[in-house]
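Report on the structure
Each chain is listed here by its residues.
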Amino acid sequence: MAYTFISGATGGIGKAFCIECAKCGYDLFVTGRSQDKLEGLKVEINKVNAKIDVKYFACDLTSEIERSAMLDYIDGEGVKFDRIINVAGVDIQKAFMDYTEQKLLFQLRVNAEATVHLTYTLLNRRVENTEVITVSSMSGASPMPYFALYSASKALLINLFTSLHYELKKDGVKVTVVMPGGVPTRPDIIEDIKGQGLWGKLSAKPADFVARKSLKAVKKNKIKYIPGGFNKFLNFIMKLVPKRIVLSFIARRWEKQTKDAF
């Protein structure tokens, strides 16, 4: 029996992936930081599909020790994977020098270190014809003054998983990186989207839409999936407009807007 792994499973996008995978009949291995939330999530998933098996393990992804403990549990259960969905991420968005050292390392460890480490280790526990979906962001499409660390960590995911799409093709592994705009899953994100006006409204897509379309995209072995026509248009425009103009616009647009998640 092979499982679909989902990180960040108790968050808005992660939960949407859980529900969509349950509808497809995929057995699930889910992780998040809260044991209580994971227990509640399992109940929700089995209400959608009582026939699938749902395993879970509470894990602080910033901790190498806790990630290793989760991998030991996986091996002890004899779990193998046919699908890896990397959702966990930290969306702190502020000027670089406004970070605390703790928050700076926290964002890097979740967005970059944990995602890369888990992908590598879980691919070593895969079955044939495995699929990999990694949720990045439209913020990774360009450097972003005042969101520099966030956009850089998301760009790392875009570049890494685009490369892996080609590297792993010969091994029968399909790899798709997803670049959503705003996804209204928490009150702070909803307010952030509202604060962007028409731009935010056009860019935003619901979590269930992103999850459902992403699962279809990896089936087709798409390299990148950008949810929504407006976001595809923005991605195209950013490639045409000189970089200094794009960066100047971003700096003016985002200088006074910050987000300090967690």
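Residues numbered from 1 in each chain as written. Predicted model: local features only at pLDDT ≥ 70, side-chain atom pairs only at ≥ 80, totals over all residues. Heavy atoms only, no water.

Looking at the packing of helix H1 (residues 12-24) against helix H8 (residues 207-219)
Running from N to C, H1 and H8 cross one another at 55°; their axes reach a closest spacing of 8 Å. Taken together, the axes of H1 and H8 are oblique relative to one another. Regarding H1 and H8, the two cross each other, and that crossing is right-handed. Side by side, H1 and H8 meet where Gly12, Ile13, Ala16, Phe17, Glu20 and Cys21 of the first sit next to Ala207, Asp208, Val210, Ala211, Arg212, Ser214 and Leu215 of the second. Across the contact of H1 with H8, the residue classes tally to 8 nonpolar, 2 polar and 3 charged. (Axes fitted to C-alpha atoms, helices over the stretch in contact; angles between N-to-C directions. Helix = DSSP H or I, 4+ residues; strand = E, 2+ residues; numbered from the N terminus. Parallel < 35°, antiparallel > 145°, perpendicular 65-115°, else oblique. Left-handed = near helix turned anticlockwise from the far one by under 90°. Contact = heavy atoms within 4.5 Å. Nonpolar A, V, L, I, M, F, W, Y, C, P; charged D, E, K, R; others polar.)

Some words on the packing of helix H3 (residues 64-77) against helix H4 (residues 101-123)
One way to put it is that H3 packs onto H4 with a least axis distance of 12 Å and a crossing angle of 20°. Considered as vectors, H3 and H4 are oriented roughly parallel to each other. Our pair here, H3 against H4, has a crossing hand that is right-handed. Residues Arg67, Met70, Leu71 and Ile74 of H3 form the contact with H4, whose participating residues are Glu113, Ala114, His117, Leu118, Thr121 and Leu122. Partitioned by chemical class, the residues of the contact of H3 with H4 number 6 nonpolar, 2 polar and 2 charged.

Coordinates in, geometry out; function isn't part of it.
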